[in-house]
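One-letter residues, chain by chain:
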Amino acid sequence: MPVLRKDPFGPAWVLMLPERGLERSDFGSVSPADGASPYAPGNEAALPPEIQALRPSTSPANGPGWRARVLPAPASPFGERVRDERSEGPFRWMQACGREEIVIEHPDPGVRLDTMSAAHLTDVLRLYRDRLAYLASDPGVAHVQMTRTTGRAAGARVDHPHGQVLAVPVPNRWVEEEAAAAAAHHAATGRCLFCDVLEAELRQRDRVVSANAAFVAVAPYAAKTPFETWILPRAHESAFAAVAANRLPLLTELLQTLVRALNDALEEPPTNMILHTRPHPGDAAYHWHLELLPRLTRHAGFDWASGSYVNPTPPEDAARFLRQALALAEVAE
Ligand SMILES: [Zn+2]
Ligand SMILES: [Zn+2]
């Protein structure tokens with residue numbers, strides 16, 4: 001049985017997956033070895049039944065005709081059972097429980113975030129938002145996340161455009177680290193740390209890549225990797241699940257702009273896109289954001305040993321390079 005163990009020395013919960021070793025597959029019985037996409041239309045029968053789909057009302061479930069589909073993650077280690085945390089001395093553990101789903105974003109395996117139509121991406125973002133809101137409605141959930149991986153070097157096993165949503169009863173260490181800093185700032189100033197950083201970034205402009213009326217794309221001050229870029233809502237909001245539908249087209253616009261800049265400037269880099277959010281709205285100290293992490297370097301021994309990161313591309317340079325890529329694209333148009 002997959003088990004979550006709490007690290008007694010830090011905030012992390014570690015998933016122990018002894019029976020599967022390091023091989024984790026997120027697709028069903030269809031092998032991508034022949035180059036065909038397991039998520040393409042026509043393969044529905046080989047995948048678990050859909051939970052939700054964007055399809056015309058005349059098109060039956062679990063067949064072709066869809067624009068996007070949500071399925072339970074076929075190989076998920078997270079069983080749907082009640083939280084049964086146990087402890088013995090300094091050790092805490094529980095059976096891995098939670099929900100993991102995949103969102104197949106488009107029937108075309110070759111389309112990218114920046115090449116699908118804006119209207120389609122807005123529908124997909126609404127689907128992610130609604131799944132996260134639904135998953136967060138379970139009272140035992142402590143953390144929800146959305147991740148999207150492109151390229152083998154970033155860990156993707158299927159090239160078809162898709163993402164994952166996950167809801168688990170344990171907190172996420174990276175979100176908790178940010179939340180701890182933000183809570184301390186809020187206790188001292190009464191203000192949101194993310195809002196204050198955003199205000200300073202918009203004043204300085206050095207690290208701002210692009211912005212519109214509702215969202216800002218910025219290379220963070222202490223970017224951990226080259227071209228790490230975040231998208232944050234201008235208005236304070238702790239949960240992505242609460243984004244108003246009329247602001248999603250603006251998120252689409254900025255996300256497509258940013259991904260186009262990264263793809264143009266860095267030749268479609270393998271990238272991890274990670275949503276950091278609270279499950280619910282109403283947290284005055286936390287502010288949701290999307291982190292885009294192109295995988296351009298490998299962490300060396302120093303990074304692990306020192307607990308720091310080595311970033312050879314300062315975020316000011318990365319932001320300038322991306323702004324230039326956007327300006328060039330505009331001239332070309
Ligand atoms: Zn804020
Ligand atoms: Zn974050």
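Note that the structure is predicted; figures quoted are calculated from it, not measured. (Residues numbered from 1 in each chain as written. Chains lettered and ligands numbered in written order. Predicted model: local features only at pLDDT ≥ 70, side-chain atom pairs only at ≥ 80, totals over all residues.)

Undergrad: Would you mind going over helix 6 (residues 315–332) with me for this structure?
TA: Two residues of an α-helix separated by three or four positions point the same way, owing to the 3.6 residues in each turn. Between the first and last C-alpha of helix 6 there are 26 Å, a value that for 18 residues agrees with the 26 Å anticipated at 1.5 Å per step. Taken as a whole, helix 6 has its buried residues at Pro-315, Ala-318, Ala-319 and Leu-322. The buried side chains of helix 6 occupy one side of the element, clustering within an arc of 95° when seen end-on. Residues of helix 6 that are exposed and point more than 90 degrees away from the buried face comprise Ala-327, Val-331 and Ala-332. (Helix = DSSP H or I, 4+ residues; strand = E, 2+ residues; numbered from the N terminus. Expected span 1.5 Å × (residues − 1). Buried ≥ 20, exposed ≤ 12 C-beta atoms within 10 Å, placed from the backbone. Arc of directions from axis to C-beta.)

Undergrad: What's the story with the sheet that holds strand 5 (residues 86–88) in this structure? I'm lost.
TA: Sheets are built from strands that pair by backbone hydrogen bonding, the pairs being arranged parallel or antiparallel. Strand order in the open sheet made by the four strands is 2-1-6-5, with antiparallel pairing throughout. This sheet does not close on itself; its edge strands, each paired only once, are strand 2 (13–16) and strand 5. Sheet twist, expressed as the average angle between the axes of neighbouring strands with direction ignored, equals 25°. As defined by bridge partners, strand 5 adjoins strand 6 (residues 91–95) across three bridges and the pair is classed as antiparallel. Each residue of the ladder has a partner; that of Ser-87, found in strand 6, is Arg-92. (Pairing = 2+ DSSP bridges. Axes fitted to C-alpha atoms, helices over the stretch in contact; angles between N-to-C directions.)

Undergrad: Would you explain helix 1 (residues 118–136) in this entry?
TA: In this model, helix 1 (19 residues) spans 27 Å end to end at C-alpha, consistent with the 27 Å of a helix rising 1.5 Å per residue. Buried within helix 1 we find Leu-121, Val-124, Leu-125, Leu-127, Tyr-128, Arg-129, Arg-131, Leu-132, Leu-135 and Ala-136. In this fold, the buried residues of helix 1 make contact with strand 3 (52–54), strand 4 (68–72), strand 7 (99–104), strand 8 (143–150), strand 9 (162–168) and helix 4 (248–266). (Contact = placed C-beta atoms within 7 Å.)

Undergrad: How do you make sense of the pairing of strand 2 when you look at a structure like this?
TA: The side chains of a regular strand alternate between the sheet's two faces. Two strands pair when backbone bridges link them, and strand 1 (residues 3–6) and strand 2 are joined in this way by four bridges, in the antiparallel orientation. Within strand 2, the position partnered with Val-3 by the bridge is Met-16. Between strand 1 and the antiparallel strand that follows it, strand 2, lie six residues.

Undergrad: It is not clear to me how the confidence of the model for the protein chain should be interpreted in this structure. Could you clarify?
TA: For residues with low pLDDT, the predicted coordinates do not support detailed interpretation. Per-chain confidence: the protein chain averages 89 in pLDDT, with 90% of residues scoring 70 or above. The low-confidence segment residues 21–32 (pLDDT under 50) makes 23 contacts with residues lying over four places distant or belonging to another chain. (pLDDT = per-residue confidence, 0-100.)

Undergrad: How do you make sense of the sheet that holds strand 3 when you look at a structure like this?
TA: Spatially, the 10 strands line up as an open sheet ordered 3-4-7-9-8-13-14-12-11-10, and their pairing is antiparallel. The open sheet terminates on both sides in strands that have one partner only, identified here as strand 3 and strand 10 (208–211). Recorded for the sheet is a direction-independent mean angle of 15° between the axes of neighbouring strands. Strand direction decides the pairing type here: strand 8 and strand 13 (residues 271–276), joined by five bridges, are antiparallel. Paired with Thr-149 across the strands is Asn-272, a residue of strand 13. Against the sheet, helix 3 (residues 193–204) contacts strand 10, strand 11 (215–218) and strand 12 (229–233), and its axis sits at roughly 75° relative to strand 11.

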